[in-house]
Each structure stands twice: as structure tokens, then as C-alpha cells.
Amino acid sequence: MSVDPSSRPEIENLLAEARTFPPSAEFSAQATATADLYAEAEADFEAFWAKRAHERISWFTPFETTLEWDLPFAKWFTGGELNVSYNCLDRHVERGLGDKVAYHWIGEPGDTRTLTYRDLLGEVCRAANALRELGVQKGDRVAIYMPMIPELPVAMLACARLGAAHTVIFGGFSAEALSDRINDAQAKVLITADGGWRRGKPVGLKHHADEALASTPSINGTIVVDRLGGGIHMVEGRDHWWHEIVARQSDVCPPVPVESEQMLYLLYTSGTTAKPKGIVHTSAGYLLQASFTHEVVFDVKPDDVYWCAADIGWVTGHSYIVYGPLANATTGVMYEGAPDTPDWDRWWQIVEDYKVSILYCAPTAIRAFMKQGETYPAKHDLSSLRVLGSVGEPINPEAWLWYHDNIGGGRAPIVDTWWQTETGAILISPLPGVTTTKPGSATFPMPGIAVDVVDAKGDSVPLGGGGYLVLKRPWPSMLRGIYGDPDRYRSTYWSRFPGMYFAGDGAKRDLDGYLWLLGRVDDVMNIAGHRISTIEIESALVDHKSVAEAAVVGKSDDITGQAIFAFVILRAGQEPSDALAVQLREHVAYVIGPIARPKYLMFTPDLPKTRSGKIMRRLLRDIAEGRVLGDTTTLADANVVDVIRDKSGSAEED
Ligand code: 7RM
């Protein structure tokens, strides 16, 4: 087959979504953010951020310079001094909000805790004093490996109080992943727990920590929360129970003033098989943009009950469970466990019980609920919900509509928010009182953010075309680097297109200028010279009434270079059959064209995902090619791949 690659677009634009959802007049009338934010930010983006930095942050010393930009190294608000935990706690208590609830926490077994801002401040001070007793000072690093319990945000804020940086490692990671990250960060203390609850079972953590600590010479001591009733081995002189070392401390601990650019945290991203990257976030710019976006994207008001149902070990939890909401004195819900325990309506029970008004979650959760059917949400009063958010992956239009109708009652606006660990805060999203949404599109850049879609040469792609998503201007919550590796920072993010930050994602802009994220460019398939994104084919499959979720990869093919291999999860009550496989293939061809018809199609009960719910297409490619599996460290459930691999020989081929 002869193909002239230069005549082809960077990424094909296949799927067209015509439905639009303008904000209701009632919603717009009360919305905090209005359209003039865009013009204000475009007129002078530095002044836009400087004004908000003065308004939103309580400074010990005001900053002198808004931005020092030595591409690709940014410094924001230099000369200023602040303390992030002071901004999240003390100042609210000082202005009379001490009794306001910071977190309604719900354990998976059904136990609950309520922490007011005053409670949280006291506990953070005690935890900070305990860390200090273990030798932690400003500039040190502390590793955190915990389940979703209140002590997790407390531990993070305790570090911030001392000017120490935390690095949170997902509770699901192995001992090796934990020791690698502790060693890269040279962390002094590890805060962990005996374990947590998941799907009705206690899941131990401390034994992984013990194994990891056999090879982490930088660690001086640990603090261990008793979540499961103790009963674990404690190493004399190294391990300290939280209920002993923290409980006996004073609840007064003056916040340590730090410079704006003091490191607040490190968060490791893995993605590929290479050594994990410690993404560096600093204090003032991060706090500013996390709190600003939290308020305007979710239209958060003082009486809202806000629930971000992510794990804190993901950047989403850092910015939108901890720092953004607490800086805004928001009342939040935090849930420890799984969405199907004891049954698939656990979330909807929580929404009803706590009158949750804003819900923020990942498409993977929405598709899992969609698979179970609408009877679960229908059993509950969800009328308190007024804004819904989505994050982590492109949301298929069908899943968007399901969320809109069955969770949002056809009334709540949906904000599809695009961002990354590296960006620190939401960069592309509707403003719910301003933007007319289209299901599946993250719509437009946030005020002050300069986004473009470029071709391989770095030239802007005209409307209607696809290409590479880039950022053309620094932003306050941007990563400051990869810990200890400035060269890797430059080469990973700033070398593909000179002068621009390359996010690694493909995107297209439709004729109205709406942005449609197309997934990681590494996942883009090349079918007979056509560069096709996986998401468009997946969305065409999910568009079929029998399908709950789909993942598509390219499998090498003698004729077309790559051929499309689709993994399909059916909705509850649907049975796999050869006839259905044929029907689904035809459905894709009908919706987006014959070039996109999957050559292979396999029904599967599950898909390999990261803990934040991203489909690991790299592993699916290995399975499709019959290869040995690559790195599986970040897999949420290691059994899934075995199940799929056992079945992969049975993929339907046309
Ligand atoms: C917040 C987060 C980042 C990657 C990013 C994208 C994908 C995230 C969306 C999305 C389409 C979205 N941080 N991604 N949000 N794709 N629409 N709304 O997920 O560092 O864990 O991942 O996630 O590929 O580059 S992350």
C-alpha cells in the first residue's frame, strides 16, 4: 500500500459530536466566574495572576516579582514568604470558621469521622511537632504511604507547616516502588499505617513498608497509624505509633515561613518503563492556581459540600482534595473505600446522606457505574448535586451523557477538566456558568493559559485538525522540574517543540475551536498511514447500547502496518457472542468510517488500569502482540492481565 505521509494530517479527525449544552440561565446568574476573566487574563497574564496572588494568599512577606522566566525554568512571586498550612487552616480559624467542617470522612466499613477546621489545625500541629521530634526540618523530604484516612491530609499539611516536602506514594504500590521513590527523594521519615479497608477486606501496608525500609538508608524513623487494630510488627527505635508520638505533642506549632519557591511536594509519575520522575511543585504559585481553579471550575460557594472521589496518592487528590479545597475553606467528603462495597450504590448513598453538591471523579468510575445500570443511582435522592466534574482520561460522549442524565438529573453542568501531574492544576475546562459544553470535549483553556495544537513542525494546526497539545506560556502551578535532573526536565517537556511545553497528548480542535483530547501520542495508531487516536474508536464502541467500556490498541499487521485490536467490556445483562462482535465492528465502521473498523475484537470482563483509572494500553499492546509483559508496577489489580491474556487467543478476527 503506498502512502505519502506528508499528505496526511498529524492525527485524523474522525468522530464528530454535534450535541451542545449551554449553561442554564439560573446557573449562570449565580456563577462566580464570568466571561470577562478570559479578557482580563489575555490583556496581561502576569497582572492577572499577581492580582489573584495578592487576594487569595495570606503572605508573611509580600512578593516583589511576579514571574522570572528563564525558559524552561520559572519562578513565581519571588521575594514573598508564606506558609501553605497557615493558608489552609489557621487563617480560616482566625476569621471564625473554626467550627466549619473540613472533612466528612467515611470509612469503608461504615465508621465515620468529622473534622472541623479547628480539629484539623490541632492535629496538624501535633503531627508537625512529632515530625520535628524525629528530626524533620525545613527543606527535608518525608514519604507518605497511607490509605485514604484523615491522617493522610494531616500528614501532608504537617510537612507543609514545617517547610518540609512530602512525597505521597500510592497505597497500592509494591515495596520496590516505595523504596525507589524514598531513595530518589532521600526522605528522612516515612508515615504509614498498618493498612486500610478495600472491598470489605483489610489490606496490609506495613509489611510492604518494612520490606522497602530494608534498603532505604535515608529513613530515620516511621510513624504508623493504627487503622486495622494494630497487630503488626514494630521495629524498636524506628517505628512509632501515631496514637503515641503524635497524640502526646502540643497542639501549638507555629507555621514556618517559606519562600514562594520552596518545594511543597514531589510526586512521582511513571508512565513508561523508565525510572520514575519526581515532579517538583513549589508553594505559592501552586497554592494560588489550585485554589483559583477549584473555586471557579466547580463554582464552589461557602455552603457547598464538595466531594472529589479520587485517591490522594494521585495529583488530583493533592490539588482537589487537599490544597485547593482547604485553601478555600470548603467542606469536603473523603471516602476510604471502593465504589461497589457493600454494593454499587455506595457513592449515591454518600451523596444522599451528606447532600453532596459537587462531585468530581474519573471517567473510569462513570463507565463502571454505567456498566451496572441506572437502577443504582435511581434508588437515591441526588437532587443536591449542582456541578459534576470529570478528570483523568477523555470522557466518551456516551459516558458524559449517562453522567449528565443519571447523576446530574439532566440539570447539573459537567466540567471535563484536562491537566497533568506536571501542570499542578486544571488548565483546560469549561467554566460552568459561561461555557456551552459538548459531550467529550474539555472545551477551552482556562483564563491565562495559552494552549495550541501543532503539527510535527510546531506550526499551529487549523481548526478542524488534529496534532500535538502544547502550552506556550508559563503558569503559576507548573512543575519546576524533575527532582535532581534538570536535563531530563528539559528534554522530556521542552525539546520536542522549541519554546513550548509538550504535554505528550494528542488533541484536535473542531471548527468552533473546542479542544478534544485524544490521549497520549504514544498510543496513536498508524493504520495504513492514517494516524488514528484510540479514543475515537473507543467512543464509537461505547456509543453502542451493549458496551460499557472499550480499549483499543494497534497490533502489528503485514498489510496495514498496524491493525486495530479492540478490548470490549459489555454492560450488565449483555452476553458476548460472535454475532455481537460483528455488529460492534460494523457499528464503528458506520459511526466513523471503514478505516476504523477493528480487525480484532475481544470481550473482556476487565481492563488493566493504573490506580487513577487510566487504561494501560501499553500492557494491552503486549497482550495483543503475544509479548512478555512490560513493567506492571503501577497496575491497580495485577490479576487482570492474566485473565485477559488467557482469553486473548480467542479474539475474533475478521
Ligand atoms: C489529572 C491527571 C495526565 C494525563 C494527561 C492526559 C490524561 C487527564 C484528562 C485527560 C483527556 C481529560 N494527571 N487526562 N485529564 N485526557 N481529558 N479531562 O490525570 O498526571 O495522572 O495524568 O491524563 O493524557 O496527559 S496525570
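Look above for the structure.
For clarity, every value in this text was computed on a predicted model and none was experimentally measured.

**Here we look at the overall build of the protein chain**
Right, on to step 1. In terms of regular secondary structure, the protein chain is built from 20 helices and 31 strands.
Right, on to step 2. Here the C-alpha atoms of the protein chain give a radius of gyration of 24 Å, agreeing with the 26 Å that 2.2 N^0.38 yields for 654 residues.
Right, on to step 3. Over its C-alpha atoms, taken along the principal directions, the protein chain stretches across nearly 70 × 60 × 50 Å.
Right, on to step 4. Within the structure as shown, the protein chain displays about 23,300 Å² of accessible surface, and the carbon and sulfur contribution to it stands at 50%.
Right, on to step 5. In the protein chain, the 62 positive side-chain charges and the 85 negative ones have mean positions that sit 1 Å from each other.

**Some remarks on helix H6 (residues 151-162)**
Right, on to step 1. Relative to the 16 Å expected for twelve residues at 1.5 Å per residue, H6 spans 17 Å between its end C-alpha atoms, a close match to the ideal helical length.
Right, on to step 2. Burial analysis of H6 places twelve of its twelve residues in the buried class, the great majority of the element.
Right, on to step 3. Every buried residue belonging to H6 is among Glu-151, Leu-152, Pro-153, Val-154, Ala-155, Met-156, Leu-157, Ala-158, Cys-159, Ala-160, Arg-161 and Leu-162, and all of these are buried.
Right, on to step 4. Gly-163 sits one or two positions beyond H6 and adopts a positive phi of about 80°.

**What about empty space enclosed by the protein?**
Right, on to step 1. The full count for this structure, using the stated rule, is four cavities of 30 Å³ or more.
Right, on to step 2. The calculated volume of the largest cavity comes to roughly 130 Å³.
Right, on to step 3. For the largest cavity, the lining is made up of 15 residues, of which Leu-15, Gly-440, Trp-516, Ile-535 and Ser-539 are closest to its centre.
Right, on to step 4. Of all the secondary structure elements, the ones that give two or more residues to the lining of the largest cavity are strand E25 (515-520) and helix H17 (534-542).
Right, on to step 5. In terms of residue class, the lining of the largest cavity is built from nine nonpolar, three polar and three charged.

**Observations concerning the nonpolar core**
Right, on to step 1. Membership of the largest hydrophobic core comes to 141 residues, with the highest contact counts inside it found for Leu-120, Leu-131, Ile-191, Phe-298, Tyr-323 and Leu-469.
Right, on to step 2. Ignoring sequence-local partners within four residues, the contact set of Tyr-323 consists of Val-84, Cys-88, Met-156, Leu-157, Ala-160, His-166, Leu-264, Tyr-265, Tyr-286, Leu-287 and His-318.
Right, on to step 3. Grouped together as the second largest cluster of nonpolar side chains are 54 residues, Val-356, Met-370, Ile-564 and Val-588 included.

**Thoughts on helix H13 (residues 363-372)**
Right, on to step 1. Among the ten residues of H13, seven are classified as buried, and the element is accordingly described as predominantly covered.
Right, on to step 2. Listing the buried residues of H13 in full gives Pro-363, Thr-364, Ala-365, Ile-366, Arg-367, Phe-369 and Met-370.
Right, on to step 3. With its phi angle positive at about 95°, Gly-373 sits one or two positions after the end of H13.

**Topic: the pattern of salt bridges**
Right, on to step 1. Within this structure, the stated rule accounts for 39 salt bridges.
Right, on to step 2. A salt bridge links Glu-336 to Arg-227, with the shortest nitrogen-to-oxygen separation between them at 2.7 Å. Of the two residues, Glu-336 is situated in the loop between strand E17 (331-335) and helix H12 (346-354) and Arg-227 in the loop between strand E11 (221-225) and strand E12 (239-241); the sequence distance between them amounts to 109 residues. Arg-227 matches Glu-336 in its accessibility class, with the two residues each being buried.
Right, on to step 3. Arg-386 is the partner of Asp-304 in a salt bridge, and the nearest nitrogen-oxygen pair spans 2.9 Å. Here Asp-304 is found in the loop between helix H10 (284-298) and strand E16 (305-308), whereas its partner Arg-386 is found in the loop between helix H14 (375-378) and strand E19 (387-391), with 82 residues between them in sequence. For the pair shown, Asp-304 and Arg-386 are each scored as buried.
Right, on to step 4. Sharing partners across several salt bridges, the network here consists of Lys-206, Asp-210, Arg-238 and Asp-239.

**Brief notes about the sheet that holds strand E14 (residues 263-269)**
Right, on to step 1. If you trace the eight strands from one edge of the open sheet to the other, you get E12-E11-E8-E6-E7-E14-E15-E23, paired in mixed fashion. The open sheet terminates on both sides in strands that have one partner only, identified here as E12 and strand E23 (481-482).
Right, on to step 2. Inspection of the sheet shows strand E6 (residues 141-145) paired to strand E8 (residues 189-193) by four bridges, in the parallel sense. Opposite Tyr-145, over in E8, you have Thr-192 as the bridge partner.

**Focus: the sheet that holds strand E5 (residues 112-116)**
Right, on to step 1. Across the sheet, which stays open at both edges, the seven strands sit in the order E5-E4-E17-E16-E18-E19-E20 with mixed pairing between neighbours. The outermost strands of the open sheet, each flanked by one partner alone, are E5 and strand E20 (414-417). Between one strand axis and the next, the sheet turns by 15° as a mean value, whatever way the strands run.
Right, on to step 2. As judged from the three bridges shared by E16 and E17, these two strands associate in the parallel manner. Counted as the bridge partner of Tyr-306 is Gly-332 from E17.

**Observations regarding the site of the ligand**
Right, on to step 1. Close contacts around the ligand come from 17 residues, with Asp-416, Thr-417, Thr-421, Asp-505 and Lys-614 the closest.
Right, on to step 2. Gly-392 is positioned such that a nitrogen or oxygen atom in its backbone is 3.1 Å from a nitrogen atom of the ligand.
Right, on to step 3. At 2.7 Å from a nitrogen atom of the ligand is found a main-chain nitrogen or oxygen belonging to Thr-417.
Right, on to step 4. Protein chains bury 93% of the 530 Å² of accessible surface belonging to the ligand in isolation.
Right, on to step 5. Counting residues per element, the ones that place at least two in the shell around the ligand are helix H11 (315-327), E20 and E25.
Right, on to step 6. Each residue belonging to the shell around the ligand can be placed in one class, and the counts come to seven nonpolar, five polar and five charged.

**Some thoughts on the pairing of strand E1 (residues 65-70)**
Right, on to step 1. Bridge analysis of E1 against strand E2 (residues 73-78) gives five bridges, and the strand direction is antiparallel. Its bridge partner lying in E2, Leu-67 is registered against Trp-76.
Right, on to step 2. Where E1 hands over to E2, the hairpin turn is made up of two residues, counted between the paired strands.

Scoring rules and cut-offs
Residues numbered from 1 in each chain as written. Predicted model: local features only at pLDDT ≥ 70, side-chain atom pairs only at ≥ 80, totals over all residues. Heavy atoms only, no water. Helix = DSSP H or I, 4+ residues; strand = E, 2+ residues; numbered from the N terminus. Rg over C-alpha atoms; globule rule 2.2 N^0.38 Å. Areas by Shrake-Rupley, 256 points an atom, 1.4 Å probe, with all protein chains shown as cover. Lys, Arg positive; Asp, Glu negative; His and termini not counted. Charge placed at Lys NZ, Arg CZ, Asp CG, Glu CD. Expected span 1.5 Å × (residues − 1). Buried < 20%, exposed > 50% of the residue type's maximum accessible area, 1.4 Å probe, protein only. 1 Å grid on protein atoms, 1.4 Å probe; cavity = no way out; pocket = protein on both sides within 12 Å on 5 of 7 lines; lining within 4 Å. Points joined across faces, edges and corners; volume = space filled by probe spheres on them. Nonpolar A, V, L, I, M, F, W, Y, C, P; charged D, E, K, R; others polar. Core = buried A, V, L, I, M, F, W, Y, C linked by side-chain atoms within 4.5 Å. Contact = heavy atoms within 4.5 Å. Salt bridge = Lys/Arg side-chain N within 4 Å of Asp/Glu carboxyl O. Pairing = 2+ DSSP bridges. Axes fitted to C-alpha atoms, helices over the stretch in contact; angles between N-to-C directions. Near = heavy atom within 4 Å. Polar contact = N/O pair within 3.5 Å; in protein donor to acceptor, adjacent residues only side chain to side chain.

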